[in-house]
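Observations on the model geometry
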Amino acid sequence: MRSIGGQLANDDWQGSEDALLYRVGPGPGIVNLSYTGKHVIEKIQNVIGVIEGAEEPDRFVILGNHRDAWTFGAVDPNSGIAALLEVAQRLGKLQQKGWRPRRTIILCNWDAEEYGLVEISLYILFVFISLSVCIDTCIYNLKQLFADRIS
């Protein structure tokens, strides 16, 4: 941080009294970083809800958001999750009154988005493109759900 040049950051961007002064650049600056996190393989899980379309069930409207976050997640992703849950609740109330959408609505709550769009990528590819057996077995429950729509 000491090597970063440029003008000083505003007071509300500065650290504690004993911290070095923050600058906003541009550089020059040289940074040497080390990563000390855990290298583990974790299970990722998605939550998928489907409302079958009445007139065009083979056409999809997908509304989704991820739930993992790099930090505390108040804006990304939890504000999106709040909106997604509100939409799901309203659609559920409409369904209780007998409503069905014109097209199939798929509500998705994805895991592992921050680590490279892992699950959303697999889900979209699986639903809309025929994939290899390896991918089929990774998301086996989706294969069952959409078996009649996938060639």
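What you see is a predicted model; the values in this text were computed from it and never measured. (Residues numbered from 1 in each chain as written. Predicted model: local features only at pLDDT ≥ 70, side-chain atom pairs only at ≥ 80, totals over all residues. Heavy atoms only, no water.)

Secondary structure assignment for the chain yields four helices and three strands. Seen in sequence order, the chain has helices and strands lined up from the N terminus as β-β-α-β-α-α-α. Put simply, the chain shows about 11200 Å² of open surface, and 56% of that area lies on carbon and sulfur atoms. (Helix = DSSP H or I, 4+ residues; strand = E, 2+ residues; numbered from the N terminus. Areas by Shrake-Rupley, 256 points an atom, 1.4 Å probe, with all protein chains shown as cover.)

For the rest of this paragraph, the subject is the sheet that holds strand β2 (residues 56–66). The mixed open sheet is built from three strands, whose spatial order is β1-β3-β2. Either end of the sheet is taken by a strand with one partner, and the two such strands are β1 (47–51) and β2. Geometrically, the sheet is characterised by an average inter-axis angle of 15° between neighbouring strands, direction not taken into account. (Pairing = 2+ DSSP bridges. Axes fitted to C-alpha atoms, helices over the stretch in contact; angles between N-to-C directions.)

Looking at the chain, the pLDDT average stands at 76 and 74% of residues meet or exceed 70. With pLDDT under 50 throughout, residues 129–142 is counted as low confidence; its partners more than four residues away or in other chains account for 16 contacts. (pLDDT = per-residue confidence, 0-100. Contact = heavy atoms within 4.5 Å.)

Moving on, we get to the nonpolar core. Core analysis: the largest hydrophobic core is formed by five residues, namely Ile-51, Leu-84, Leu-91, Ile-105 and Leu-107. Going through the elements one at a time, α1 (78–96) and β3 (103–110) are the ones with two or more residues in this core. Contacts of Ile-105, omitting those with residues within four sequence positions, involve Gly-49, Val-50, Ile-51, Val-61, Leu-91 and Trp-99. (Core = buried A, V, L, I, M, F, W, Y, C linked by side-chain atoms within 4.5 Å. Buried < 20%, exposed > 50% of the residue type's maximum accessible area, 1.4 Å probe, protein only.)

Below, the discussion takes up α1. Here α1 contains 19 residues, and its C-alpha end-to-end distance of 27 Å stays within 8% of the 27 Å for a straight helix at 1.5 Å per residue. Of all the positions in α1, only Ile-81, Leu-84 and Leu-91 are classed as buried. End-on view of α1: buried residues confined to an arc of 90°, all on one side of the axis. Opposite the packed face of α1, turned more than 90 degrees from it, sit the exposed residues Leu-85 and Gln-96. Residues of α1 that are buried in the fold lie against β1, β2 and β3. One or two steps after α1, the chain reaches Gly-98, where phi turns positive at roughly 95°. (Expected span 1.5 Å × (residues − 1). Arc of directions from axis to C-beta.)

Put simply, the largest pocket is a space of about 260 Å³. Lining the largest pocket are Tyr-35, Lys-38, Val-40, Glu-42, Ile-44, Asp-68, Asp-111, Ala-112 and Tyr-115. Residue composition of the lining of the largest pocket, grouped by class: five nonpolar, no polar and four charged. (1 Å grid on protein atoms, 1.4 Å probe; cavity = no way out; pocket = protein on both sides within 12 Å on 5 of 7 lines; lining within 4 Å. Points joined across faces, edges and corners; volume = space filled by probe spheres on them. Nonpolar A, V, L, I, M, F, W, Y, C, P; charged D, E, K, R; others polar.)

Bringing the side chain of Asp-111 into the picture now. By the secondary structure assignment, Asp-111 is in the loop between β3 and α2 (118–128). We note that Asp-111 is buried and unpaired, the nearest opposite charge coming from Arg-67 at a distance of 4.1 Å. Separated by 3.2 Å, the side chain of Asp-111 and the backbone nitrogen of Gln-45 make a polar contact. (Lys, Arg positive; Asp, Glu negative; His and termini not counted. Salt bridge = Lys/Arg side-chain N within 4 Å of Asp/Glu carboxyl O. Polar contact = N/O pair within 3.5 Å; in protein donor to acceptor, adjacent residues only side chain to side chain.)

Moving on: the environment of Gly-92. Position of Gly-92 among the secondary structure elements: in helix α1. With 41 residues separating them along the chain, Gly-92 and Ile-51 place their C-alpha atoms 9.2 Å apart.

All right, on to the side chain of His-66 then. One can find His-66 in strand β2. According to the relative accessible area criterion, His-66 is buried, its value standing at 7%. Of the polar contacts made by the side chain of His-66, one reaches the backbone oxygen of Asp-68; its length is 2.8 Å. If we skip the residues at most four places from it in the chain, His-66 touches Asp-76, Pro-77, Ile-81, Asn-109, Trp-110, Glu-113 and Glu-114.

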